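Okay, here's what each chain looks like letter by letter:
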Amino acid sequence: MAVAEPFVSPGAQRRGLSKRSGQRLSGLGKVFTGATKIDRFGLILLGVLVLLAVLAPLIAPYNPIDPSGIPFTSPLHGGHLLGTDEVGYDIFSRVLFGLRTSLLGVLIVVSSGVIIGGTIGLVAGVAGGWLDTLLMRITDLFLALPGPLLAIAIAAALGPSYPHVLLSVSIVWWPFYARIMRGEVRALAARPHLEAAALAGAGPVRRGLRHLLPGAMPAIIVTASLDVGNLVVTLAGLSFLGLGAPAPAPELGAMAARGLQFLLQQWWVPVMPGIAVALLALGANLAGDAVADATGQGI
């Protein structure tokens, strides 16, 4: 005999949605309130830098790719907060747009790593057998190669371009997520509720998407949060080597590289973009530590 579904009033449904929203907000609050003082500083610093990057078109006083002053104007002079470079570009405006470019690049690489690596790890962990062995041997092959050198080689072969930099880094970044996802899935698969689901007739796809994937996501999220700082430095490093977009594109690494020759005379030209990279990487690393601690997966 069929069992009638219990009636849930619209008011109760709204209260349930409000409760879940509150739980998500409390989770975000837990990351901040449960963090150490230095990690809170990192969260605030990262938040400020992200806000500056998002609002760059509104905040930047000048066009970042048009000369706006006398070359080598020192900071706090001539209406230029961080001075100008050898062409007369406003460094503050270029740093703001450089932050925007860096964060967008990090988002693209992390997203591709989570999607590609996570999918491969999930399939390998759920399927097992020869497919697991094949996918993990391919993953191990990529992990055995020197990632930075491989990314440099791919970017150099494709030619100077920021999309080529992102593609080259994405190619070498996904194996970490594949390994983590596969390990989490295999660990979760041995738990009683997964065995019960299998006995109840749940197929591999259903078990993977409904039970294993949600259980493995916390480890993936923590890994992604800890990856942001490394990716900021990696992308800036490839641009520093001249593999990013050609001038006058506002990329922090490329700006520092082009200004390096003026370090002893006009120090602010290479130093200001370098400081922006350092602050972004510092804030991202500390924020990643806070997320890891809040989820109980700190290292």
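See above for the structure.
Computed from a predicted model, the values in this text were never measured in an experiment.

Undergrad: Give me the environment of valine 31: which residues, what numbers.
TA: Note that valine 31 resides in helix H1 (residues 10-33). For valine 31, a relative accessible area of 16% translates into the label buried. For the pair valine 31 and threonine 295, spaced 264 residues apart in the sequence, the C-alpha separation amounts to 8.2 Å. Contact partners of valine 31, with chain neighbours within four places excluded, come to Leu43, Ala290, Val291 and Ala294.

Undergrad: Provide a residue-level description of helix H6 (residues 147-158), including the pertinent values.
TA: Note: α-helices contain 3.6 residues per turn, so residues at a spacing of three or four share the same orientation. With 12 residues, H6 should cover 16 Å at 1.5 Å per step; its first-to-last C-alpha distance of 17 Å lies within 8% of that length. Of all the residues in H6, the buried ones are Gly147, Ala151, Ile154 and Ala155. An end-on view of H6 places all buried positions within 95° of arc, on one side of the element. Every exposed residue of H6 that faces more than 90 degrees away from the buried side is listed here: Leu149 and Ala157. After H6 finishes, the residue glycine 159 shows a positive phi value of roughly 105°.

Undergrad: How would you sum up a nonpolar patch on the surface? Please name residues and give values.
TA: Residues Phe240, Leu241, Leu260, Leu263, Leu264 and Trp267 make up a contiguous nonpolar surface patch of roughly 640 Å² in combined accessible area. Residue placement: phenylalanine 240 occurs in helix H9 (residues 204-240). Taking the relative accessible area as the measure of exposure, phenylalanine 240 reaches 37% and is therefore partly exposed.

Undergrad: Give me the lowdown on the packing of helix H2 (residues 37-54) against helix H4 (residues 91-127), citing residues and values where you can.
TA: Where H2 meets H4, the axes come as close as 8 Å, and the angle between the chain directions of the two elements is 105°. Comparing their axes, H4 and H2 come out roughly perpendicular. In this structure, H2 uses Leu49, Val50, Leu52, Ala53 and Val54 to contact H4, whose residues at the interface are Leu96, Leu99, Arg100 and Leu103. Of the residues belonging to the contact of H2 with H4, the class tally is eight nonpolar, no polar and one charged.

Undergrad: An account of the nonpolar core is requested, with residue identities and associated values reported.
TA: Generally speaking, soluble globular proteins have nonpolar side chains that are buried together. Val95, Leu99 and Val169 are the most contacted members of the largest nonpolar core, which has 55 residues in total. Counting residues per element, this core draws most heavily on H4, which supplies 11 residues. Setting aside residues up to four positions removed in sequence, valine 95 forms contacts with Leu82, Leu252, Met255, Met272, Pro273 and Ala276. In this structure, Val222, Ala290, Ala292 and Ala294 belong to the second largest nonpolar core, which totals seven residues.

Undergrad: Before we move on, can you summarise the environment of leucine 282 with the specific residues and values?
TA: Here leucine 282 lies in helix H11 (residues 268-294). Residues leucine 282 and glycine 42, 240 residues apart in the sequence, show an inter-C-alpha distance of 6.8 Å. Contact partners of leucine 282, with chain neighbours within four places excluded, come to Phe41 and Leu45.

Undergrad: Help me get a handle on the side chain of serine 239, residues and values and all.
TA: Along the polypeptide, serine 239 turns up in helix H9. The class of serine 239 is buried, set by a relative accessible area of 5%. With residues near it in sequence (within four places) discarded, serine 239 still touches Tyr162, Gly244, Glu251, Gly253 and Ala254.

Undergrad: Any details on the packing of aromatic side chains? Residues and values, ideally.
TA: Tallied over the full model, the rule gives four aromatic pairs. Above the ring of tyrosine 89, the side-chain terminus of arginine 94 is found at 4.8 Å from the ring centroid.

Undergrad: Could you give me a rundown of the packing of H2 against H11, with the residues and numbers involved?
TA: Taken N-terminus to C-terminus, the directions of H2 and H11 make an angle of 125°; their axes are 7 Å apart at the nearest point. Classed by the angle they form, the pair H2 and H11 counts as oblique. Considering only the axes of H2 and H11, their crossing is left-handed. Mapping the contact onto sequence places Ile38, Asp39, Phe41, Gly42, Leu43, Leu45, Leu46 and Leu49 in H2 and Leu279, Leu280, Leu282, Gly283, Ala284, Leu286, Ala287, Asp289, Ala290 and Asp293 in H11. A class-by-class count of the residues in the contact of H2 with H11 yields 13 nonpolar, two polar and three charged.

Quick notes on the rules
Residues numbered from 1 in each chain as written. Predicted model: local features only at pLDDT ≥ 70, side-chain atom pairs only at ≥ 80, totals over all residues. Heavy atoms only, no water. Helix = DSSP H or I, 4+ residues; strand = E, 2+ residues; numbered from the N terminus. Buried < 20%, exposed > 50% of the residue type's maximum accessible area, 1.4 Å probe, protein only. Contact = heavy atoms within 4.5 Å. Expected span 1.5 Å × (residues − 1). Arc of directions from axis to C-beta. Patch = residues over 30% accessible without salt bridge, like charges linked within 9 Å, V, L, I, M, F, W, Y side chains within 5 Å. Areas by Shrake-Rupley, 256 points an atom, 1.4 Å probe, with all protein chains shown as cover. Salt bridge = Lys/Arg side-chain N within 4 Å of Asp/Glu carboxyl O. Axes fitted to C-alpha atoms, helices over the stretch in contact; angles between N-to-C directions. Parallel < 35°, antiparallel > 145°, perpendicular 65-115°, else oblique. Nonpolar A, V, L, I, M, F, W, Y, C, P; charged D, E, K, R; others polar. Core = buried A, V, L, I, M, F, W, Y, C linked by side-chain atoms within 4.5 Å. Phe/Tyr/Trp six-rings, centres within 6.5 Å; stacked < 30°, edge-to-face > 60°. Lys NZ or Arg CZ within 6 Å of the ring centre and 35° of its normal. Left-handed = near helix turned anticlockwise from the far one by under 90°.

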